[in-house]
Amino acid sequence: MSAVKNDASSSAAPIPPFDVARWRRDFPALEQRVHGHPLVYLDNAATTQKPQAVIDAVVRYYREDCSNVHRGVHQLSQRSTLAFEAARERVRAFLGAHHTEEVIFVRGATEGINLVARSFLGPRLQEGDEVLVTAMEHHANIVPWQLVCEEKGAQLAVIPMNDRGEISLDEAEALISPRTKLVAAVHVSNALGTINPVKGLVDAAHQRGIPVLLDGAQAAPHLELDVAALDCEFYVFSGHKVFGPTGIGVLYGKRELLEAMPPYQGGGDMIRSVSFEKTEFNVPPHRFEAGTPNIAGTIGLAAALDYLSGIGLGAVAAYESELLHYATEQLLGVPGVRLIGTAKEKASVASFVIEGVHAHDVGTILDQQGIAVRVGHHCAQPVMDRFGVTSTVRASVSFYNTHDEIDALIGGLEEVLEIFRP
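Conventions adopted
- Residues numbered from 1 in each chain as written.
- Predicted model: local features only at pLDDT ≥ 70, side-chain atom pairs only at ≥ 80, totals over all residues.
- Heavy atoms only, no water.
- Buried < 20%, exposed > 50% of the residue type's maximum accessible area, 1.4 Å probe, protein only.
- Helix = DSSP H or I, 4+ residues; strand = E, 2+ residues; numbered from the N terminus.
- Pairing = 2+ DSSP bridges.
- Axes fitted to C-alpha atoms, helices over the stretch in contact; angles between N-to-C directions.
- Contact = heavy atoms within 4.5 Å.
- 1 Å grid on protein atoms, 1.4 Å probe; cavity = no way out; pocket = protein on both sides within 12 Å on 5 of 7 lines; lining within 4 Å.
- Points joined across faces, edges and corners; volume = space filled by probe spheres on them.
- Nonpolar A, V, L, I, M, F, W, Y, C, P; charged D, E, K, R; others polar.
- Core = buried A, V, L, I, M, F, W, Y, C linked by side-chain atoms within 4.5 Å.
- Domains from an automatic or database assignment.
- Right-handed = clockwise from strand over helix to strand, strands pointing away.
- Phe/Tyr/Trp six-rings, centres within 6.5 Å; stacked < 30°, edge-to-face > 60°.
- Lys NZ or Arg CZ within 6 Å of the ring centre and 35° of its normal.

A.B. asks: Got a minute to help me understand helix α4 (residues 109–121) in this structure?
C.D. replies: Residues three or four positions apart in an α-helix share a direction because the helix packs 3.6 residues into each turn. For α4, the buried fraction is high: 11 of the 13 residues fall into the buried class. Within α4, burial applies to A109, E111, G112, I113, N114, L115, V116, A117, S119, F120 and L121.

Below, the structure is given as structure tokens:
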């Protein structure tokens, strides 16, 4: 993100302050009280709250247009199909992809990665080959590759990270070899908040002719995306992390690769013709969308992307960056707090431990004050091992969070210290 010049000589109009109160009003869940306290929701890396526009879109589908897609000639089916395919175009624009055929609807980022592991990598992988991942991956970007590697006699290679939670492009390039058949990397770490240098990683892999999958589950809610500019072969994200419904996600894949990939699952809508002797498969994306899809979830996802784009991801990123900086400074002032993940480029996540206090005890005490954080290994056990901890407390912010909520978190941590250090 480029800096904004704002001095007397600049002719540009001043950027208005981010009106967080205006956006908070769109989220009914934020108005509730928990254990008698106003809800302070700081678990956005796990899932985000939903704006009324998304809730309305899902309810409208079930109330007015509930019907299957691609199969019916009646009016309800036609409306559902139009809305479903309009959502595909909405996702294409959000990602900056060239073609709607490159957008596949899946249950979430996890299923998207599994689809690539089975349909793309599996047929290409041989004994002795490698899949290159980073040391900060979510389990969803480790286990699918392990499964296919075990079947083929291949193995994982791991790009290490430093004590700040950053990877080095030089080290990544050194690990790319003739045995490497895929590089799979997280765009933004769910456990650390690190923003990885994914464009440099893609370029380094492409110099050796190696395809790249990027896990964008944590990036999509916070950063402007352009998969065409990144030039990655695959990109995945989950709807529920971008203020949409659960059970819906997206796999982007370059069209020429999808056209060459066999189906991931079999069933209705992914075929052109079926006989007992032979089945002819449909073209992408339908080839990879067997059965009745999550129609309501897809429509809700489109509404969420419309909502997020209406705010502007540039404005969202700027506000969240400042809020995360404030949270980091305040946490460093709490006695005994150690931040886990201090990369120069971060988004959303402040992960920490308190000396002598188990993370689950911290989370339980905060919950009694209405403060929702995540505790545990965050489906990133190798990250915990790297930093010598079993679990962390993770406070993850979104654009609807406020400085007052960060202050509430700090107050809650002070109460934790009063209990454990009387």
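A.B. asks: Sorry if this is basic, but what is going on with the sheet that holds strand β14 (residues 349–354) here?
C.D. replies: Pairing between the strands of a sheet comes from backbone hydrogen bonds, and it takes one of two forms, parallel or antiparallel. Spatially, 4 strands are ordered β13-β14-β17-β16 in an open sheet, and the strand pairing comes out antiparallel. Looking along the sheet, the strands with just one partner apiece sit at the ends: β13 (337–339) and β16 (374–376). Pairs of neighbouring strands in the sheet enclose a mean axial angle of 30°, with direction left out of account. Both β14 and strand β17 (residues 392–396) contribute to a ladder of 4 bridges, which runs antiparallel. Bridging from a neighbouring strand, V349 pairs with S396 of β17. Relative to β16, helix α12 (residues 359–367) is tilted by about 160°, and along the sheet it contacts β14, β16 and β17.

A.B. asks: Got a minute to help me understand the layout of surface pockets in this structure?
C.D. replies: Empty space among the atoms becomes apparent when a probe as large as a water molecule is rolled across them. In this structure, the largest pocket spans a volume of roughly 890 Å³. In this structure, the largest pocket is lined by 32 residues; those nearest its centre are I195, L223, S321, E345 and K346. Among the secondary structure elements, those contributing two or more residues to the lining of the largest pocket are α7 (198–207), α8 (227–230) and α11 (313–332). Tallying contributions element by element places α11 first for the lining of the largest pocket, with 9 residues. When the residues that make up the lining of the largest pocket are grouped by side-chain class, the tally is 14 nonpolar, 10 polar and 8 charged.

A.B. asks: Sorry if this is basic, but what is going on with the nonpolar core here?
C.D. replies: Generally speaking, soluble globular proteins have nonpolar side chains that are buried together. By size, the foremost hydrophobic cluster in this structure holds 108 residues, and its most contacted members are L95, Y235, F399 and L413. Per-domain counts for this core show at least three residues from each of domain 1 (15–44 + 313–420) and domain 2 (54–309). In this structure, V106, A109, V116 and L125 belong to the second largest nonpolar core, which totals 27 residues.

A.B. asks: What's the story with the pairing of strand β7 (residues 180–186) in this structure? I'm lost.
C.D. replies: Along any regular strand the residues' side chains alternate between the sheet's two faces. With 6 of 7 residues buried, β7 lies mostly within the body of the structure. Inspection of the sheet shows β7 paired to strand β8 (residues 212–215) by 4 bridges, in the parallel sense. Opposite A184, over in β8, you have L213 as the bridge partner. You can see the chain leave β7, run along α7 and come back into β8, and the turn it takes is right-handed.

A.B. asks: Help me out: how do you make sense of the pairing of strand β10 (residues 249–253) in this one?
C.D. replies: Summarising burial for β10: 5 of the 5 residues are buried, a large majority. The alternating pattern of β10 places G249, L251 and G253 and V250 and Y252 on opposite faces, both of which are buried. Summarising the sheet, strand β4 (residues 103–106) and β10 pair through 4 bridges and their orientation is antiparallel. Looking across to β10, one finds that V106 is bridged to G249. Where strand β9 (residues 234–238) meets β10, 5 bridges bridge the pair, whose relative direction is antiparallel. Each residue of the ladder has a partner; that of V236, found in β10, is L251.

A.B. asks: Is there a simple way to think about the packing of aromatic side chains in this case?
C.D. replies: Two numbers describe a pair of aromatic rings. These are the distance of the centres and the angle of the planes. Taken as a whole and judged by the stated rule, the model has 15 aromatic pairs. On the basis of an interplanar angle of 50° and a centroid distance of 5.9 Å, the ring pair of F94 and F237 is categorised as tilted. On the criterion of sequence distance, the pair formed by F94 in helix α3 (residues 75–95) and F237 in strand β9 is long-range, its members being 143 residues apart. On the basis of relative accessibility, which here comes to 7%, the residue F94 falls in the buried class. Geometrically, the ring pair formed by Y307 and F399 is tilted, given 6.4 Å between the ring centres and 35° between the ring planes. With a gap of 92 residues between them, Y307 in helix α10 (residues 295–311) and F399 in the loop between β17 and α14 (403–420) connect regions that are remote in the sequence. With respect to burial, Y307 and F399 carry one shared label: buried. Among the aromatic side chains, those forming a connected cluster through ring pairs are F18, W23, F27, F243, Y307, Y319, F399 and Y400. When the ring centre of F387 is taken as reference, the NZ or CZ atom of R386 above it lies at 5.4 Å.

A.B. asks: Just checking my understanding: could you explain the sheet that holds β9 for this structure?
C.D. replies: If you walk across this open sheet you meet the 7 strands as β4-β10-β9-β8-β7-β5-β6, and the pairing is mixed. Every interior strand has two partners, whereas the edge strands, β4 and β6 (155–159), have only one. Neighbouring strand axes in the sheet, compared pairwise and without regard to direction, differ in orientation by 20° on average. The strands touched by helix α5 (residues 143–152) within the sheet are β5 (130–134), β6, β7 and β8, with β6 carrying the most contacts at an inclination of about 140°.

A.B. asks: Is there a simple way to think about the side chain of K254 in this case?
C.D. replies: Relative to the helices and strands, K254 resides in the loop between β10 and α9 (255–260). What K254 contacts, discounting residues up to four positions off in sequence, is E102, H206, D231, C232 and E233.

A.B. asks: Teacher, can you tell me more about unusual backbone geometry here?
C.D. replies: Trans is the common state for peptide bonds, and a negative phi is the common state for residues other than glycine. Of note, the bond from P284 into P285 is cis; its omega dihedral lies within 30 degrees of zero at 5°. Looking at the element boundaries, P285 is found in the loop between β12 (279–281) and α10. A positive phi angle, close to 55°, is found at H35, a residue other than glycine. Its relative accessible area of 45% is what places H35 among the partly exposed residues. The backbone of H378 shows a phi angle near 60°, a positive value even though the residue is not glycine. Among the residues examined, H378 registers a relative accessible area of 8% and is labelled buried.

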